[in-house]
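Survey of secondary and tertiary structure
Chain residues, written in single-letter form:
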Amino acid sequence: MLTSTLAALRTRWVGFTGSFVALALGVGLLTVMGLALASASQAPERKPERFAAAPVVVKGADTLRVPTSIGERTHKLAHPRVVPDSVRARLEKLGQVVEDRSFGVRVEGGPRDLVGHPWSTASFAPYRLREGRAPRADDEVVVSGDWARRGAGPARPGQRLRTAEGHVRVVGVVGGLGFEDAVFYTDRRAAELAPRSGQLVVDTDDPGAVRAAAHGSGVRVLTGEARRLADPDPDRDSAALTATTAMFGTAGGLSAFVSVFVVASTFAFAVAQRRREFGLLRMAGATPAQVRRAVLLEALVVGALASAAGCVLGGYGAPALARWVVDEKLAPGWFTIQHHTWPYHAAFWTGLLVALGGAAVASWRAGRTAPTEALREASVDTRTMTWSRGLCGGALLLTAAGTLLASLLTDPGDLLHRKTYVIRPMLLITGFALLGPLLVRPPARLVARLAARLPGAAGLLMGQNAATGARRTAAVAAPVLVTVALAGSLLGTTATLNEAKATETRARTAADFVATAHSEDGFETATLRRLRRIPGTEVSATAATAVYTLEDGVALIKSAARAGEPAGLRSTTRLPLASGSVGDLDDDSIIVNEEWAHHTVGERVNVWLGDGTRRSLRIAAVMTTGTGDNGAYVTPRNARHAPVDRVEVRLGEGTGAAEAAAALRKAVPRSEGEVSTREEWLRSAYPGTDRTTRVGLLLVLGIALLYTGIAVANTMVMSTADRAPELALLRLTGATRWQVLRIVAAEALMVVVVGGVLGIAVAGLNLAGIWGALELLSVHAPIRLPWTALGAVTGACAVAAVLSAVLPAALRLRRRSAALSTACA
């Protein structure tokens, strides 16, 4: 049997090429994913940066800790606390205490992410003076040497810089350390610009004494490697790695899903093409079990070779991909692929199982081929839909419909989560793909009728070929359906959700102008005073904050919130209220949304504020859930130390827009913030897909498109090879070579159109579920189908199909029709 199997592989290598390439790519991607996951799990922790040379760092409480029945629950505070004065007084007895301050700096023509510090903290990084001297006056600064003014070259001693607080003179330059662009002020001036100090450096050789002095105060004493926790955003590496591994995991899972589909489709089509061969084997005495074993043995050989090739491909591709994700800032700069053996084993055996699983159904059908049935079958396809395929396809569609209905009835918001809208469409897409032979008939017949109306016999011929060759049509249309449906579902869902969020923001904004701060430090107090003094305007200054709740006694939930005065909120915002009134908000109350466990007006809820203070607040109003961005609202007293980062301004009756705009822009320095009209602000605030998600989606769609090209090319090459007698007959009946090629190309194009139409229909059904969830969540937004992407994907499939059909046909038509006829006979 092995000899006959190898002979079949040698003579029918074209039919197995698609399966081999699909499996090799799938195993290669699984190898890359496994190596990336293994390398990320052993990632080294980031070393201290700003405090690499500091003896001891004392950090104010920045974590909320809540005891529960199943253990302590923690969450990062939105507004970390400062080190208490009593603790500082005890620390000063142990050694010199230096206050650390970090604040945003806006320099005209400079980088947007400049950070200011007091000069006394420069030595803790350590920064070393390369030129000039230390600052001594309030208008003197030292800058790091790795940033430059736009068009003016590196900053040098003697240069004057224009900042939001006025002009300063550069008196020194320190060597850059790569992790920030820094500006150093005198300690006194830094304290004026950033009055709050969240952490201290204690110059002492006795960390134990520092811990004893800080005991019971809630502050954190950091030494050694733990000093990295005092750096800004110390968890950024783990967050980046989590997003990267999620991207690789999604791509690997999709590659496994599509490779199973392509392999199963390829083997099923190959078995259908070999009906007469299997019939002859049965007539020669082969049993059904022997025929099945022959097909499975072919899959075993192809799977083993393809899996081995995929492991080699993944081993070479993983380091290149790691360098790419680092260059694209999708992973930390130190991320590299480390050597592990288990990803190779996992990928190889998965690939082998995929090959055997994909061929299992085809082998069963091959074994059931009766000798007489195979010999008397015509070239017209019959019984293209098996009962097992129909049963599986129908079950998947019913499961998809059931899960969608259950989510709509119980938790519509779950459909808007990224994990859900990436995974859930797979059920619907797979179900439609399995039912492809049944679903392609109506559109194929429609295309046949339309083609028949074309002048001449060519239109009638290609229409009838597409309609009667249902097996070939389904084999080509199914991968096109999968790719188009994936593109429409994934890209369409993100576009629809972005439009829904923009619709919410548009409906919620009643202001005529919006001023937004450039940095997290918000607006200066003087700027806010100037804004409030502008006549003929109503001003609402709000700050970003957070509140925390304990749900079910075990889950500590963080909810984004904004803090603002009730009178200002009433005039400049239109909150989507389900009950209650914004006017009832006061220092003893809170506005929540329906997503909260407790959301009855008048009910009291226990919350922790952004600085960790526990409060019992009365619910003044309840908003609808929406897309999940309808956070809570509190008064400024319940968001202490939260800087005002947005000011919404509504014009009074009779106030001119031009005069008000000029007054607003005069009140807000350009280096501190930006004043926009309502429409300008809505355009700038239009939500976009974050870069990691966008790259992940494009990677997934690229993989799907690649697999589709493989499946389409493989099917077209196989079917064209088996249509040699038909092509010869066309030539003998008087058709020219170019007429035959045009018919073949038109047939391929029509099949792709059928698959594309079905794919758009599947994407529309998926987006209809998203639209239904949004309607139930009181968000009225239109469905956004990505027509440009759908056109590009369908066009790429069409190019692959036409080339794969025309090139083999052209090679066969190079011989004379009589020779072709003799060879076919």
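Everything here concerns the structure above.
Rules used throughout
- Residues numbered from 1 in each chain as written.
- Predicted model: local features only at pLDDT ≥ 70, side-chain atom pairs only at ≥ 80, totals over all residues.
- Heavy atoms only, no water.
- Patch = residues over 30% accessible without salt bridge, like charges linked within 9 Å, V, L, I, M, F, W, Y side chains within 5 Å.
- Areas by Shrake-Rupley, 256 points an atom, 1.4 Å probe, with all protein chains shown as cover.
- Salt bridge = Lys/Arg side-chain N within 4 Å of Asp/Glu carboxyl O.
- Lys, Arg positive; Asp, Glu negative; His and termini not counted.
- Charge placed at Lys NZ, Arg CZ, Asp CG, Glu CD.
- Helix = DSSP H or I, 4+ residues; strand = E, 2+ residues; numbered from the N terminus.
- Buried < 20%, exposed > 50% of the residue type's maximum accessible area, 1.4 Å probe, protein only.
- Pairing = 2+ DSSP bridges.
- Axes fitted to C-alpha atoms, helices over the stretch in contact; angles between N-to-C directions.
- Polar contact = N/O pair within 3.5 Å; in protein donor to acceptor, adjacent residues only side chain to side chain.
- Contact = heavy atoms within 4.5 Å.
- Parallel < 35°, antiparallel > 145°, perpendicular 65-115°, else oblique.
- Left-handed = near helix turned anticlockwise from the far one by under 90°.
- Nonpolar A, V, L, I, M, F, W, Y, C, P; charged D, E, K, R; others polar.
- Phe/Tyr/Trp six-rings, centres within 6.5 Å; stacked < 30°, edge-to-face > 60°.

**Here we look at a negative patch on the surface**
A cluster of acidic side chains, namely Glu165, Glu520, Asp521 and Glu524, defines a negative patch on the protein surface. Its location among the elements puts Glu165 in the loop between strand S11 (160-163) and strand S12 (166-174).

**Structural notes on the pairing of strand S1 (residues 56-59)**
Side-chain positions along a regular strand alternate between the two faces of the sheet. Burial of S1 is two-sided: the residues Val56 and Val58 facing one way and the residues Val57 and Lys59 facing the other way are all buried. As paired elements, S1 and strand S14 (residues 199-203) share 4 bridges and run antiparallel to each other. Bridge pairing in S14 links Val58 to Leu200.

**Description of the sheet that holds S1**
Taken together, the 4 strands give an open sheet; going across it, the order is S4-S14-S1-S15, and neighbouring strands pair in antiparallel fashion. Strands with a single pairing partner mark the edges of an open sheet, and in this sheet they are strand S4 (96-100) and strand S15 (220-222). Across this sheet, the average inter-strand angle for adjacent strands is 25 degrees, counted without regard to direction.

**Structural notes on the side chain of Thr542**
Here Thr542 lies in strand S17 (residues 537-551). Among the polar contacts made by the side chain of Thr542, one reaches the side chain of Arg562 at a distance of 3.0 Å. Each residue touching Thr542, except ones within four places of it in the same chain, is listed here: Arg562, Ala563, Gly564, Leu569, Val644, Asp645 and Arg646.

**Side note on the packing of helix H3 (residues 85-92) against helix H5 (residues 207-214)**
Direction vectors running N to C along H3 and H5 enclose 150 degrees, while the axes themselves pass 9 Å from each other. Accordingly, the angle class assigned to the pair H3 and H5 is roughly antiparallel. Here H3 and H5 pass one another in a crossing that is right-handed. Every residue of H5 that contacts H3 at Val87, Arg90 and Leu91 is listed here: Val210, Ala213 and Ala214. Of the residues contributing to the contact of H3 with H5, the split by class is 5 nonpolar, no polar and 1 charged.

**Considering the packing of aromatic side chains**
A full pass over the atoms with the stated rule returns 5 aromatic pairs. For the ring pair Tyr127 and Phe184, a centre distance of 5.1 Å and an interplane angle of 70 degrees mean the geometry is edge-to-face. Remark: Phe184 occurs in strand S13 (residues 181-185) and Tyr127 occurs in the loop between strand S6 (114-118) and strand S7 (129-132); sequence separation between them is 57 residues. Under the relative-accessibility criterion, Tyr127 is labelled buried at 6%. Residue classification places Phe184 among the buried positions, given a relative accessible area of 1%. Within the aromatic cluster, the residues linked to one another by ring pairs are Trp119, Tyr127, Phe179 and Phe184.

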